[in-house]
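# Residue-level structural notes
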Amino acid sequence: MPQSEFERLALEHIDALYNFAVYLTRNPPEADDLVQETYLRAFRFADRFTPGTHLRAWLFQILRNTFLTFYRVRERESAIADDGVPDWDVPMFHDAPEDSSSVMEAHTDLERALRRLPEEFRTVLLLAEVEGMPLEEVARVMECPVGTVKSRIFRAKERLRALLRDYKR
Amino acid sequence: MNERFSDASDEELGRRLRAELPRYVAPARLHAAIVEAAAPAPPRRSAWLAAAFAAGATALVLVLAFVPLLPRILPADPAQRLMRSVVAEHERALMWGARRPEAIPTALPWLTQESGIGLTRVFGGDDRLAFRGAEPVYLEGRRGIALHYRDADGHLVTYMVLPAPALPLPDRQRVQVERWKPALMYDNGFLAWVWKHGDLACFLVSDMVSEAELETFKDYFVRVRTATEPVPAY
């Protein structure tokens with residue numbers, strides 16, 4: 001597949017990737033950086049993509065791995081808050097503006113509850129329920145068996161219901 | 001709403017997630033930034049190439065500027081080596097004139113004293129060659145005498161005599177001119193008739209190098225050769 005054609009097809013998924021990135025980072029500037037880094041990596045390693053397989057899943061996989069890479073680096077480098085939640089004010093990318101005002105506020109209890117889920121629960125819900133991705137693709141993104149994906153979706157929804165019940169009280 | 005979510009079935013919760021969560025759209029600038037970043041970079045000229053080019057150009061300019069000052073490789077042939085010095089002296093006179101031009105014959109005693117060469121007869125100029133001056137010279141460790149003439153076309157013609165008892169003339173370059181057979185030698189854009197007069201080497205130098213000028217230069221040789229008689233003074 002010519003590089004230009006590959007880039008054109010990949011860019012068709014930019015909105016879905018950006019939406020996913022915003023929910024992962026909760027920070028639009030960081031989401032910008034994450035998506036841009038994702039595409040640059042994808043374009044650089046386009047030869048590793050197998051034509052005929054799901055380009056969308058491959059791109060989401062790159063984005064998530066990129067996020068986790070920087071997330072882990074940030075977890076190591078930044079202070080952990082009292083509640084065990086990483087300090088989100090620290091920029092994920094080192095050249096990102098250190099501006100806590102850019103961190104998004106949750107507008108609904110549902111959004112707030114989703115944010116409190118662990119990353120692997122949040123991701124399966126976003127990919128499977130919000131993006132409507134087949135479980136096989138979700139499994140590829142998360143690099144785990146389909147059964148694990150099903151289990152995580154079930155447990156994620158259980159956790160989500162529990163959080164929503166807490167908000168109701 | 002929370003009540004509804006907390007009690008919702010899995011399908012209902014999934015449907016609500018799709019419907020209720022705000023969806024974020026990538027800003028146009030992000031798309032543009034990615035496209036721009038993905039565009040193939042223009043072929044970059046190697047950084048060292050520009051530096052090497054600049055260094056080469058500088059070296060070339062320096063070489064060209066200093067070439068005239070560099071020592072030239074001396075020819076192995078002693079006649080050619082002496083010829084080179086004679087031409088250099090002729091060039092100097094051509095550019096700057098004689099250092100201390102003297103008139104003939106009033107200055108002859110002084111010239112003889114300074115050069116060690118006497119002129120029993122001397123060509124003092126005629127309708128073709130005008131005498132410009134005479135001066136002692138010192139070339140290749142030899143004292144000599146130089147007489148400068150200028151012809152009607154503006155060519156400077158220098159007659160120079162130097163003591164050179166053992167100087168061999170290159171046979172291949174000797175040319176029959178009337179009853180004489182001088183060598184016609186070339187160096188650095190100048191031609192010279194070179195001949196021996198006893199232990200003295202005589203040179204008649206000019207920049208008349210073209211085929212047409214050569215006949216005229218031959219005529220000048222005859223005029224000077226016929227009328228001039230140098231001898232060692234001491």
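Every value quoted in this text rests on a predicted model; they were computed, and no experiment measured them.

Reading guide: rules and limits
Residues numbered from 1 in each chain as written. Chains lettered and ligands numbered in written order. Predicted model: local features only at pLDDT ≥ 70, side-chain atom pairs only at ≥ 80, totals over all residues. Heavy atoms only, no water. Helix = DSSP H or I, 4+ residues; strand = E, 2+ residues; numbered from the N terminus. Buried < 20%, exposed > 50% of the residue type's maximum accessible area, 1.4 Å probe, protein only. Contact = heavy atoms within 4.5 Å. Areas by Shrake-Rupley, 256 points an atom, 1.4 Å probe, with all protein chains shown as cover. Core = buried A, V, L, I, M, F, W, Y, C linked by side-chain atoms within 4.5 Å. Phe/Tyr/Trp six-rings, centres within 6.5 Å; stacked < 30°, edge-to-face > 60°. Axes fitted to C-alpha atoms, helices over the stretch in contact; angles between N-to-C directions. Parallel < 35°, antiparallel > 145°, perpendicular 65-115°, else oblique. Nonpolar A, V, L, I, M, F, W, Y, C, P; charged D, E, K, R; others polar. Arc of directions from axis to C-beta. Buried area = accessible area lost by both parts, 1.4 Å probe. Salt bridge = Lys/Arg side-chain N within 4 Å of Asp/Glu carboxyl O. Polar contact = N/O pair within 3.5 Å; in protein donor to acceptor, adjacent residues only side chain to side chain. Left-handed = near helix turned anticlockwise from the far one by under 90°. Pairing = 2+ DSSP bridges.

Looking only at helices and strands, one finds seven helices and eight strands in chain B. Sorting the 234 residues of chain B into buried and exposed places 40% on the buried side. Here the analysis covers contacts within chain B between residues at least 6 apart in sequence; of these, 59% occur between residues at least 24 apart. Accessible surface computed for chain B: about 13100 Å², of which carbon and sulfur atoms make up 58%.

A few words now on the nonpolar core. Core analysis: the largest hydrophobic core is formed by 60 residues, its most contacted members being V35 and Y39 of chain A. Discounting chain neighbours no more than four positions away, the residues touching V35 of chain A are I14, L17, Y18, A21 and L63 of chain A together with L30 and I34 of chain B. Core analysis: the second largest hydrophobic core is formed by 30 residues, L129, Y159, V161 and L214 of chain B among them.

Residue and element names in this part refer to chain B. Inspection of every chain in the model, using the stated rule, returns 14 aromatic pairs over all chains. Plain terms: the ring middles of F131 and Y149 are 5.6 Å apart, the flat faces sit at 70 degrees to each other, and that makes the pair edge-to-face. Residue F131 is located in strand β2 (residues 129-139), and its partner Y149 is located in strand β3 (residues 142-151); the two are separated by 18 residues in the primary sequence. Since its relative accessible area comes to 0%, Y149 is described here as buried. Among the aromatic side chains, those forming a connected cluster through ring pairs are Y159, W180, W193, W195, F217 and F221.

Next up on the list: the packing of helix α6 (residues 119-130) of chain A against helix α2 (residues 10-20) of chain B. Working note: a packed helix pair is described by the angle between its axes plus the distance between those axes. Direction vectors running N to C along α6 of chain A and α2 of chain B enclose 85 degrees, while the axes themselves pass 9 Å from each other. Relative to α2 of chain B, α6 of chain A is oriented roughly perpendicular. Across from L125, E129 and V130 of chain A in α6 of chain A, the residues of α2 of chain B making contact are G14, L17 and R18 of chain B. For the contact of α6 of chain A with α2 of chain B, the class distribution of residues is three nonpolar, one polar and two charged.

What follows covers helix α3 (residues 28-38) of chain B. Among the residues making up α3 of chain B, those that are buried are L30, I34 and A38 of chain B. In an axial view of α3 of chain B, the angular spread of the buried residues amounts to 65 degrees, which keeps them on one side of the axis. Turned more than 90 degrees from where α3 of chain B packs its buried face, A28, R29 and E36 of chain B sit exposed. Lining the buried residues of α3 of chain B we find α1 (3-11), α2 (14-25) and α3 (28-44) of chain A.

Take the interface of chain A and chain B next. Each partner contributes residues to the interface: chain A has 33 residues there, and chain B has 28 residues. Counting the surface lost from both chain A and chain B, the interface buries some 2900 Å², and carbon and sulfur atoms represent 64% of this. Scanning the region where chain A abuts chain B turns up three salt bridges. There are seven residue pairs in polar contact (both at pLDDT 80 or more) connecting chain A and chain B. Of all the elements in the fold, those that place two or more residues in the side of chain A that touches chain B are α1, α2, α3, α5 (109-116), α6 and α8 (146-168) of chain A. Counting residues per element, the side of chain A that touches chain B draws most heavily on α8 of chain A, at eight residues. Residue classes in the side of chain A that touches chain B are distributed as 20 nonpolar, two polar and eleven charged.

Once that is clear, we can look at the packing of α1 of chain A against α3 of chain A. Residue and element names in this part refer to chain A. Where α1 contacts α3, the two axes come as close as 10 Å, and the packing angle between them is 150 degrees. Classed by the angle they form, the pair α1 and α3 counts as roughly antiparallel. Where α1 crosses over α3, the handedness of that crossing is right-handed. Across the interface between the two elements, Q3, F6, E7, A10 and L11 of α1 pack against Y39, A42 and F43 of α3. When grouped by side-chain class, the residues that make up the contact of α1 with α3 number six nonpolar, one polar and one charged.

As a further point, take α1 of chain A. Among the residues making up α1 of chain A, those that are buried are F6, E7, A10 and L11 of chain A. End-on, the buried residues of α1 of chain A take up no more than an arc of 125 degrees, which puts them together on one face.

Right, let's talk about the sheet that holds strand β4 (residues 156-163) of chain B for a bit. Through backbone hydrogen bonds, the strands of a sheet pair up, either in parallel or in antiparallel fashion. All names here are of chain B. Taken in spatial order, the six strands line up as β2-β3-β4-β7-β6-β5 in an open sheet, and their pairing is antiparallel. Since the sheet does not close on itself, it has two edges, and those belong to β2 and β5 (183-187), each with one partner. Taken pair by pair, the neighbouring strands of this sheet meet at an average axis angle of 25 degrees, ignoring direction. Sheet analysis places strand β6 (residues 190-197) next to strand β7 (residues 200-206), joined by seven bridges and oriented antiparallel. By the bridge assignment, W193 is partnered in β7 with L204. Against the sheet, helix α7 (residues 211-227) contacts β2, β3, β4, β5, β6 and β7, and its axis sits at roughly 30 degrees relative to β6.

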